[in-house]
Amino acid sequence: MTYEDFNSGWSYRRRVTPFQELGGTSGTDWTPVTLPHDALISTERHAEAPQGHTNGYFDGGAFEYRKVLTVPEEYRGMLVFLEFDGVYRDAVVSVNGALAGRHANGYSRFVVRVDPHLRFGADNELLVSCRTHLDSRWYAGCGIQRDVRLIVKNPAHLAVDGVRVTTPDVDEKTAVVEIAARVRNAGPVTSTLRLTAVVTDGEGVETAHGSAPVTLLPADEETARLRLLVDRPRLWSAQTPSRYFARVRLSDGDQTVDEVTIPFGIRTIRVDARRGLRVNGTEVKLRGACLHGDNGPLGAAAIGRAEERKVELLKAAGFNAIRSSHHPASSALLDACDRLGMYVMDESFDMWTQGKSDFDYSADFPEWWERDLEAMVAKDFNHPSVIFYSIGNEIPETGSPDGGRWSRRLAEKLRALDGTRLVTNGINGFVSVLDLVVDGMAKRRAEAAGAASDEQSAEGVNGMMNAIGEMMGQITASPMVSERTEESFAALDVAGMNYGESRYALDHELFPDRVIVGTETWPTVIDRNWDLVKKYPHVIGDFTWTGLDYLGETGIGVVKYPDAADGTQGFATPYPGLTAYCGDLDLTGHRRPVSYYREIVFGLRSEPYIAVRRPERHGAIAVATPWSWSDSLSSWTWPGFEGAPVHVEVYADADEVELLLDDEVVDRRPVGTERAFQADFETFYRPGKLVAVAYRKGMETGRTSLTPADDALELTLTTDRHELLAGTAEIAFVTVALTDGAGVVHNTRDREVRVTVSGSGTLQGLGSGAPVTEETFHHGFRHTFDGRALAVVRPTGTGTITLEAKAEGCVPVSLILTVTSSDQLLPGVTDKSATATDGSDVPMPA
């Protein structure tokens, strides 16, 4: 048997059917590509793209991927599968012109058996087609966006995704590890096989082993179980992500016919309204981030290292949980969460039977929902990071009896597949009764807009935005919502509430046994929400919208200025809007001020943080949505604004903050006047060292400072890794910054940066954190945003990679990366027998 990385050697193009070619439509040339790959991200954006604000003004389209597979004669009589971790969307897989399989969902994993269509001892053409068009409320991309594996099995074998590990009984002294393996016999005769399992810890030390015979008739499939004991188990949690490895072998006499190694974690999950969420018996409050699927300059390609980096960045910013919004996570992301320690709420659907976009998944849902849930559980089961399954997001049906029925069907299906995890649903009470409030909402919006137009003040314009949030909160807490959502909530283990904090205290009285998690919340109210999370045991966490900025839903978090030249206001940003700009981290992974504010609210940071509102906007009418943060950044470099007024925000867990400039006191202000954990200062800009000192009860608790950049201008390159392993999961992220001689970023001297890559690698993407730009990711030039850009480099083989960057007024700089060979192992792939025929050389995990 083999388990092979199948990401290399593909090519792609815009899809053209034979009939279209006969009609005179010529197909584009095939372009070589390595998977995972997003075909849409390199296409041109334009203002006329239908519903462009939802997907970043990209058109849709149909694409096809091709690969030639040479199949050896010895594969005859074996079972050959292609495993796709995700193809967006409506995937059709053909082999030598014959339909081998199709899959509607763009995010769920599927397996296609291809051996009936193969020519053995010859070349075989594989084609995968996919399409997207007005089917998503955010940028979803298009293509084979996740990993692909080639799996070859003997007639007697372990079923694909057929080994599941549970830990039903755990204490400090001992853990029971139960291994359930689905064993198949596709051969013509009865076989008695032997199932053997060896459990090792993270250091490769054996901790348990067991064995049992399994007899199978022809065409039989049976589940064989082994119960093993691990002494003094090391428990998995986000704080201590200890993993074990179960090496499971199926043998026929002395011959190994199949083998797989499964990483798993030993941990327990309990929840109730009195004691909250407990992991391994310890209460946990979820510091959560909602997370869309794209990777910025890479589009929606879920390359292993890119998925891992997201988890690293979010954990460093203080999060301990992510919600995959609003679709199942990639295997690569889950594997990173297992290794690094991050709790996961894996979400299944953004719609059920009622559509949210013209051509979305709602038409496929009735036919495919069970297979989608089965695929999600098959992918997630052995990942200790996954503690929740979510059956939906803001589903309108949840406010109706039919929605209650669907809620039970989905929840019970998940429980039948996996009874070890909690089931939730991101219910927005406002959306659940939307049919009754549309008219009233339109009337109130018109009144608020009229008032804002009459007043033409920041208070008036933002009053309109605040009124929307307040109205949602009032409706969400209404008796109407309590009654209409009761059945849908009753189907869940934990009631997920989107923007439902107005129900937290109320439901403690109305539904005293209801456990709540804030599945989606405004970033601007994290101080109030976190107080509620800490106060109430039945409220187990908060998931902000969002952890990382993302493509599409353009401008929902951008602070807009109606008096500016473009006059933009409202939720969406017109073309060339690109990103939502509501993440704690921007599209490149750079932390924005809100991220540090949240870290202080969480109690994870004692040092204060300085954010300065852009002085060029001082006094202007600023329109902020509930997803917006102030238009500020942590910089005291504002040339040209000497003597101009400037607003300084200081975030601190303190009573007072004193602001000093070159050791002279500017002012001392109380914390919490406008927002908890924040002190605000009005002063005038003057270059110098700006220092903020936090005080509690008159005693200093921490200080921080900003120093202006000097006149020198340099390009600096900083990489997240200098050494890479050859393989399709690897990638390097290189930050390109405009700095002075001391490394201070010049945030006001943005300019075009040109990047070239040579040697054993390629420039996979070049981007910035700019939420509004006409620039693309696939060219080798990009303007910096607030002094920074991000280059993404992918290795093409072993050797060295040289990245060179140039910008006007700067000395060119370069950076060298080294790529070394290794056994290719995809994130989430747990069998290293890619070239083994009997499995005997499969190494134990280290």
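Position numbers for residues count from 1 along each chain, tracking the sequence in the order it is written. Only residues with pLDDT of at least 70 are given local features in this predicted model, and only at 80 or more are side-chain atom pairs given and counted; all residues enter the totals for whole chains, interfaces and linings. Hydrogens and water are ignored here; the side-chain numbers use all heavy atoms of the structure.

Novice: Is there a simple way to explain the sheet that holds strand β25 (residues 422-427) in this structure?
Specialist: Across a sheet, paired strands are connected by hydrogen bonds in the backbone, their directions being either parallel or antiparallel. One requirement defines pairing of two strands: DSSP has to find at least two bridges between them. The helix count covers DSSP runs of H or I at least four residues long, the strand count covers runs of E at least two residues long, and both are numbered beginning at the N terminus. Pairing is parallel in the closed barrel, where 8 strands are placed in the order β21-β22-β23-β24-β25-β26-β27-β28. Looking at each pair of strands side by side, their axes are set apart by 25 degrees on average, direction ignored. Note on geometry: axes are lines fitted to C-alpha atoms, helical ones only across the stretch in contact, with angles between N-to-C directions running from 0 to 180 degrees.

Novice: Would you explain helix α10 (residues 479-490) in this entry?
Specialist: An α-helical turn contains 3.6 residues, so a residue and the one three or four places further along point in the same direction. Working rule for helices: expected span equals 1.5 Å times residues minus one. Given a rise of 1.5 Å per residue, 12 residues ought to cover 16 Å, and the 16 Å separating the end C-alpha atoms of α10 matches this to within 8%. Residues of α10 that are buried include every one of V481, S482, T485, S488 and F489, and no others. One side of α10 carries all its buried residues, which in axial view fall inside an arc of 130 degrees. Counted as exposed and oriented over 90 degrees from the buried face of α10: P479, E483 and A490. Exposure classes here rest on a 1.4 Å probe applied to the protein chains alone. A residue is buried below 20% of its type maximum, exposed above 50%, and partly exposed in between. Think of it as the arc spanned by the lines of direction from the helix axis to the C-beta atoms.

Novice: Any chance you could explain empty space enclosed by the protein here in plain terms?
Specialist: Over the atoms, a rolling probe the size of a water molecule traces out where space has been left empty. We place a 1 Å grid over just the protein atoms. Points where a 1.4 Å probe fits but has no way out form a cavity, open points with protein on both sides within 12 Å along at least 5 of 7 lines form a pocket, and any residue with an atom within 4 Å of a point lines it. Grid points are joined across faces, edges and corners, and a volume is the space filled by probe spheres set on the points. Following the criterion strictly, the structure yields 8 cavities of 30 Å³ or more and no others. Taken as a whole, the second largest cavity holds about 170 Å³ of empty space. Residue lining of the second largest cavity: 23 residues in total, with Y107, R146, G293, D294 and H327 positioned closest to the centre. Among the residues making up the lining of the second largest cavity, the classes are represented as 11 nonpolar, 8 polar and 4 charged. Each residue is assigned to one class: nonpolar for Ala, Val, Leu, Ile, Met, Phe, Trp, Tyr, Cys and Pro, charged for Asp, Glu, Lys and Arg, and polar for all the others, Gly among them.

Novice: What is the right way to read the layout of surface pockets from this model?
Specialist: The computed volume of the second largest pocket comes to approximately 1,000 Å³. What lines the second largest pocket is a set of 34 residues, and nearest its centre among them are R137, E394, E553, F571 and W627. No other element matches the 3 residues that helix α8 (residues 434-455) contributes to the lining of the second largest pocket. Along the lines of polarity and charge, the residues of the lining of the second largest pocket split into 17 nonpolar, 10 polar and 7 charged.

Novice: Explain the packing of aromatic side chains here, please?
Specialist: Both the distance between ring centres and the angle between the ring planes are used here to describe each pair of aromatic rings. Note on aromatic contacts: the rings of Phe and Tyr and the six-membered ring of Trp form a pair at centre separations within 6.5 Å, being stacked when their planes are under 30 degrees apart, edge-to-face when over 60 apart, and tilted otherwise. Tallying each qualifying case throughout the model produces 27 aromatic pairs. Here the aromatic rings of W236 and Y343 are separated by 5.9 Å at their centres, their planes lie at 75 degrees, and the arrangement is edge-to-face. Taken together, the residues W236 in the loop between β15 (221-231) and β16 (244-252) and Y343 in strand β23 (residues 343-347) connect sequence positions 107 residues apart. There is no split in this pair, since W236 and Y343 are both buried. Between F319 and F602 the ring centres are 6.4 Å apart and the planes differ by 80 degrees, which places this aromatic pair in the edge-to-face class. Of the two residues, F319 sits in the loop between α3 (304-316) and β22 (321-324) while F602 sits in the loop between α13 (593-601) and β29 (609-613), which places them 283 residues apart along the sequence. A residue is classified by how much of its surface remains accessible, and F319, at 2% relative accessible area, is buried.

Novice: I keep staring at the environment of R109 and nothing clicks. Help me out?
Specialist: The topology assignment puts R109 in the loop between β7 (98-103) and β8 (110-113). Taking the C-alpha atoms as reference points, R109 and S331, 222 residues apart in sequence, are found 8.9 Å from one another. Discounting residues that sit within four places of it in the chain, R109 has contacts with E83, F84, D85, H103, D161, S331, A375, A378 and K379. Distance and chemistry together define a polar contact, namely a pair of N or O atoms within 3.5 Å, with one atom able to donate a hydrogen and the other to accept it when in protein, and with adjacent residues in sequence counting only for side-chain atoms on both sides. Side chain to side chain, R109 and D161 meet in a polar contact 2.5 Å long. Here the side chain of R109 touches S331 through a polar contact of 3.2 Å, side chain to side chain. Contacts: residue pairs with any heavy atoms within 4.5 Å of one another.

Novice: What exactly am I supposed to notice about the environment of R528 here?
Specialist: Its location among the elements puts R528 in helix α12 (residues 526-535). Sequence separation between R528 and G399 is 129 residues; the distance between their C-alpha atoms is 27 Å.

Novice: Sorry if this is basic, but what is going on with the nonpolar core here?
Specialist: The tendency in soluble globular proteins is for nonpolar side chains to be buried side by side. By nonpolar core we mean a set of buried residues, namely Ala, Val, Leu, Ile, Met, Phe, Trp, Tyr and Cys, connected to one another through side-chain atoms within 4.5 Å. Ranked by internal contacts, the top residues of the largest apolar core, which has 60 residues, are L314, I322, F349, W352, F365, L410 and L414. Not counting residues up to four positions away in its chain, the partners in contact with W352 are S362, F365, I391, G392, I395, E397, T398, G403, W406, S407, L410 and N425. Counting 41 residues, the second-largest nonpolar core is a separate cluster that includes V95, L118, C142 and I144.

Novice: Looking at this model, I keep getting lost on the side chain of E397. Mind explaining?
Specialist: In this structure, E397 sits in the loop between β24 (386-393) and α6 (401-417). There is no salt bridge for the buried E397, and the closest opposite charge comes from K356, which lies 7.5 Å off by N-O distance. For the purpose of charge, His is not counted, nor are the chain termini; Lys and Arg are scored as positive and Asp and Glu as negative. Each reported salt bridge corresponds to a side-chain nitrogen of Lys or Arg within 4 Å of a carboxyl oxygen of Asp or Glu.

Novice: Just checking my understanding: could you explain the state of the cysteines for this structure?
Specialist: Note on terminology: disulfide describes a covalent bond linking the sulfur atoms of two cysteines. Count a disulfide wherever a pair of cysteine sulfur atoms falls within 2.5 Å. Under the counting rule described, the total for this entry stands at 0 disulfides. In this model C142 remains outside any disulfide bridge; the closest cysteine sulfur is found in C130, 3.9 Å from its own. For C142, a relative accessible area of 0% translates into the label buried.

Novice: Where do I start with the sheet that holds strand β43 (residues 788-795) in this structure?
Specialist: An order of β37-β39-β43-β41 is seen for the 4 strands of this open sheet, with the pairing classed as antiparallel. Each edge of the sheet is formed by a strand with only one pairing partner; in this case those strands are β37 (714-719) and β41 (761-767). This sheet shows a mean twist of 25 degrees between the axes of neighbouring strands, independent of strand direction. Bridge analysis of strand β39 (residues 732-739) against β43 gives 6 bridges, and the strand direction is antiparallel. Bridge pairing links T735 to L790 in β43.

Novice: Would you mind showing me how to read the pairing of strand β18 (residues 269-272) here?
Specialist: Side chains on a regular strand alternate between the two faces of the sheet. One ladder, built from 4 bridges, connects β18 with strand β19 (residues 276-279); its direction is antiparallel. Bridge pairing in β19 places D272 opposite G276. Linking β18 to β19, which pair antiparallel, is a turn of 3 residues.

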